[in-house]
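Structure at a glance
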Amino acid sequence: MLAVPEMGLQGLYSGSSPERSPVPSPPSSPRTQESCGIAPLTPSQSPKPEARAPQQAPFSVVVAIDFGTTSSGYAFSFASDPEAIHMMSFGYTARDYYHDLDPEEARDWLYFEKFKMKIHSATDLTLKTQLEAVNGKKMPALEVFAHALRFFKEHALQELRDQCPSLPEKDTVRWVLTVPAIWKQPAKQFMREAAYLAGLVSREDAEQLLIALEPEAASVYCRKLRLHQLVDLSSRAPGSGRLGERRSIDSSFRQGDRYVVADCGGGTVDLTVHQLEQPHGTLKELYKASGGPCGAVGVDLAFEQLLGRIFGEDFIATFKRQRPAAWVDLTIAFEARKRTAGPHRAGALNISLPFSFIDFYRKQRGHNVETALRRSSVNFVKWSSQGMLRMSCEAMNDLFQPTVSGIIQHIEALLARPEVQGVKLLFLVGGFAESAVLQHAVQAALGARGLRVVVPHDVGLTILKGAVLFGQAPGVVRVRRSPLTYGVGVLNRFVAGRHPPDKLLVRDGRRWCTDVFERFVAAEQSVALGEEVLRSYCPARPGQRRVLINLYCCAAEDARFITDPGVRKCGALSLELEPAEGGPHAAGAPPSRREIRTAMQFGDTEIKVTAVDVSTNRSVRADIDFLSN
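Since the model is a prediction, treat every value here as computed from it, not as a measurement.

1. Thoughts on the pattern of salt bridges
Scanning the entire structure with this criterion turns up 28 salt bridges. Between R339 and E335 there is a salt bridge; the shortest N-O distance is 3.0 Å. Salt bridges sharing common partners tie together K114, D300, E335, K338, R339 and E434.

Spelled out as structure tokens, the structure:
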């Protein structure tokens, strides 16, 4: 949640009064677009992928920011004692501040909630993407995200200065940002751009910022838990609704053990499956990250749809737009009751309606809310004499069902994959995993098939703690699976009978096949951390200073052409070239070939690229832009 003045970004993020813990001291040619000023290249021999251990810069402390859909926080640990994690959890200051504003004053503020999901759902995400506040006004998403990150940065640095005055100011902090594993590359790049704008790190020190995948972070943390820190849902006492009333599991991890982490957050369910490797306890991803938009906000949306059935969708839309602070009041009231929902709860739940809602409805419709409820076809919500909506516990649980069913379907689809056979353990983590409704449903659906469902005691902090551990040792996940197939479009020699006739291009007497999809990495391919895909290119013109190469991706492993269904342009590789050494060539002498060797890594949480001018052995500035499409 974020509240900012409409005329600027000097507002409040959710939490000015944190709770803290004590701190101790082949011959081919990439396809290019001449009309866009992109010069063609001619690649030279391309070596096979090779693995190179990533080098890490020194640092004194790791600060991880869990940027959530419904809540956020940060934590840190020092390199001298990496497993001593200090939590800084935040409340709902922005929400409460906006809630307490006078209606007239509230018009001068922009209140954003659950805006993280906008980045996931945006199909055409760019640096100019807009976010809509609850009052309907818009603001650049990049500024909103940067403002929130800037708050965390300033708060974290002040906390570190207070607790450790001798800590050096420069190159001290390694920052870690958490994102869902199912986010695509544009969303990850967007978060990095927001971090640059917020001043967490500079572009020149990009390696000082790590992007951590949320279920991976949870996995890193869960694998270190002791038995008494885990509870087994299958051994829950009947009717129990609290984690402390369940018995702990009685087994521990061994070499080759496989497990699933289901990160059930505010906006998404994010799944990963890992195999534990010995002797160093590293992790190997067995199947690409999966999941979908099945988070706790789905329950909120179901409640909003229920209100629309009772009072009219047009009225609810008008009320949200014209009385945004009162709408926040209503969501607060529902959130409080939602947290008490459980499969064994008896008795109805009362949800307070703000006076503004009651008054606004009477003025808009000409009758009161009690009449609306009486006329409605929704018979499981009544009007209480205390001026509240009275909802049966069965009705409340029904609001959970679409989201909970979606989560279970995603887990079952993952478990059906042949790559993950032999999994016997599932960690249920994330803020939504605190819900007794979700816990009961997952255990009922999956426990019968022999899967042990366990929940860490500090389930809501699992990702944040794991992100700190990941920042201290980012090589812990040794092998990942590529979620997509990536490559470039090239010209290859035309082979009759193998290449379609409509792809034939004749140039200077040579027959070429156009639009060939040259693959860098295939979907679901295992890629080791530090493994590089090498390609060498030669600029087409002497003195060429900039080269752009379009990148393409698809879900299929066997795409042949960039024009195949499902293949799309997803980004551009940019190479910034310095002038070639040696000056102009002698008259009549052919220019020497200038080879630029690129190295791309697909085994990290972000796709990375470096380049070097082979003739001088100097680095070439290389970037991949996924936000300019």
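Structure shown, so let's carry the discussion forward.
2. Considering the sheet that holds strand β15 (residues 230–232)
Spatially, β15-β23-β22-β16-β17-β18-β24-β28 is the arrangement adopted by the eight strands of the open sheet, whose pairing is mixed. Of all strands in the sheet, those with a lone pairing partner are β15 and β28 (526–528), marking the two edges. Each strand of the sheet is rotated relative to its neighbour by a mean of 30°, with strand direction disregarded. Here strand β16 (residues 258–264) runs beside strand β22 (residues 425–429); their pairing, made up of five bridges, is parallel. Note that in β22 the partner of D263 across the bridge is V429. Contacts between helix α13 (residues 436–446) and the sheet are confined to β16, β22 and β23 (452–456), with β23 contributing the most and set at about 155° to the helix.

3. Section: the sheet that holds strand β20 (residues 381–383)
Read across the open sheet, the three strands follow the order β19-β21-β20; overall the sheet is antiparallel. Two strands lie at the open edges of the sheet, namely β19 (349–352) and β20, each paired on one side alone. On average, adjacent strands in this sheet sit at an angle of 30° to one another, irrespective of strand direction. Examined bridge by bridge, β20 and strand β21 (residues 388–391) share three bridges and lie antiparallel to one another. Opposite W383, over in β21, you have L389 as the bridge partner.

4. Some thoughts on the environment of H86
Within the fold, H86 resides in strand β9 (residues 86–89). It is 9.6 Å that separates the C-alpha atoms of H86 and V63, two residues lying 23 residues apart in sequence. A polar atom in the side chain of H86 sits 3.1 Å from the backbone oxygen of A84.

Rules of the game
- Residues numbered from 1 in each chain as written.
- Predicted model: local features only at pLDDT ≥ 70, side-chain atom pairs only at ≥ 80, totals over all residues.
- Heavy atoms only, no water.
- Salt bridge = Lys/Arg side-chain N within 4 Å of Asp/Glu carboxyl O.
- Pairing = 2+ DSSP bridges.
- Helix = DSSP H or I, 4+ residues; strand = E, 2+ residues; numbered from the N terminus.
- Axes fitted to C-alpha atoms, helices over the stretch in contact; angles between N-to-C directions.
- Contact = heavy atoms within 4.5 Å.
- Polar contact = N/O pair within 3.5 Å; in protein donor to acceptor, adjacent residues only side chain to side chain.

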